[in-house]
Amino acid sequence: MRGRGLMLVAGMRMGQQQAQQQAAAQQQQQAAVEQAKQQGAAEAMAAAPAPASAGTDVTAQIQKLSELHKSGALSDEEFAAAKKKLLG
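Residues numbered from 1 in each chain as written. Predicted model: local features only at pLDDT ≥ 70, side-chain atom pairs only at ≥ 80, totals over all residues. Heavy atoms only, no water.

### Structural notes on the overall build of the protein
Then step 1. Scanning the protein from N- to C-terminus turns up three helices and zero strands.
Then step 2. Ordered by position from N to C terminus, the α and β elements of the protein give α-α-α.
Then step 3. The buried share of the protein, reckoned over its 88 residues, is 12%.
Then step 4. Restricting the contact set of the protein to residue pairs at least 6 apart, pairs at least 24 apart contribute 60%.
Then step 5. Summing over all exposed atoms, the protein offers an accessible surface of approximately 6900 Å²; the carbon and sulfur share of this is 54%. (Helix = DSSP H or I, 4+ residues; strand = E, 2+ residues; numbered from the N terminus. Buried < 20%, exposed > 50% of the residue type's maximum accessible area, 1.4 Å probe, protein only. Contact = heavy atoms within 4.5 Å. Areas by Shrake-Rupley, 256 points an atom, 1.4 Å probe, with all protein chains shown as cover.)

### Considering the packing of helix 2 (residues 58-71) against helix 3 (residues 76-87)
For any two helices packed against each other, the geometry is given by the interaxial angle and the distance between the axes.
Then step 1. It is the contact of helix 2 with helix 3, at a shortest axis distance of 10 Å, that shows an interaxial angle of 175 degrees. With respect to their mutual orientation, helix 2 and helix 3 come out roughly antiparallel. Residues V58, Q61, I62, L65, S66 and H69 of helix 2 pack against D76, F79, A82, K83, L86 and L87 of helix 3.
Then step 2. Of the residues that constitute the contact of helix 2 with helix 3, the class distribution is seven nonpolar, three polar and two charged. (Axes fitted to C-alpha atoms, helices over the stretch in contact; angles between N-to-C directions. Parallel < 35°, antiparallel > 145°, perpendicular 65-115°, else oblique. Nonpolar A, V, L, I, M, F, W, Y, C, P; charged D, E, K, R; others polar.)

### Quick notes on helix 3
Then step 1. Between its terminal C-alpha atoms helix 3 stretches 16 Å, which fits the 16 Å expected from 12 residues at 1.5 Å a residue.
Then step 2. At the exit of helix 3 stands G88, carrying a positive phi of roughly 85 degrees. (Expected span 1.5 Å × (residues − 1).)

### Focus on the nonpolar core
Then step 1. In terms of nonpolar packing, the biggest core is built from six residues, these being V58, L65, L74, F79, A82 and L86.
Then step 2. The element best represented in this core is helix 3, accounting for three residues. (Core = buried A, V, L, I, M, F, W, Y, C linked by side-chain atoms within 4.5 Å.)

### What to know about the confidence of the model for the protein
Then step 1. Averaged over every residue, the pLDDT of the protein is 79; the share at 70 or more is 80%.
Then step 2. Looking across the protein, the model is least confident in helix 1 (residues 2-47), with a mean pLDDT of 78, and most confident in helix 2, with 89. (pLDDT = per-residue confidence, 0-100.)

This is the structure in structure tokens:
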């Protein structure tokens, strides 16, 4: 009976360790996703063309920015700033 109790405790500890490892892996993955979003937003901002007076297709550029915004790659503030840059 005592051996069974020790095995149960050992199994519980292993389960706790696995849960902690999974939580740590999930946090790392979440951080990587957030970093990728921020990098994509920065690239979108840098790639935004000059104001409309330069003769670019502003509508298409705003649609691309809107898609990035809807996907979560651009925050509300980043979307507004990029749109403002496009519109001059």
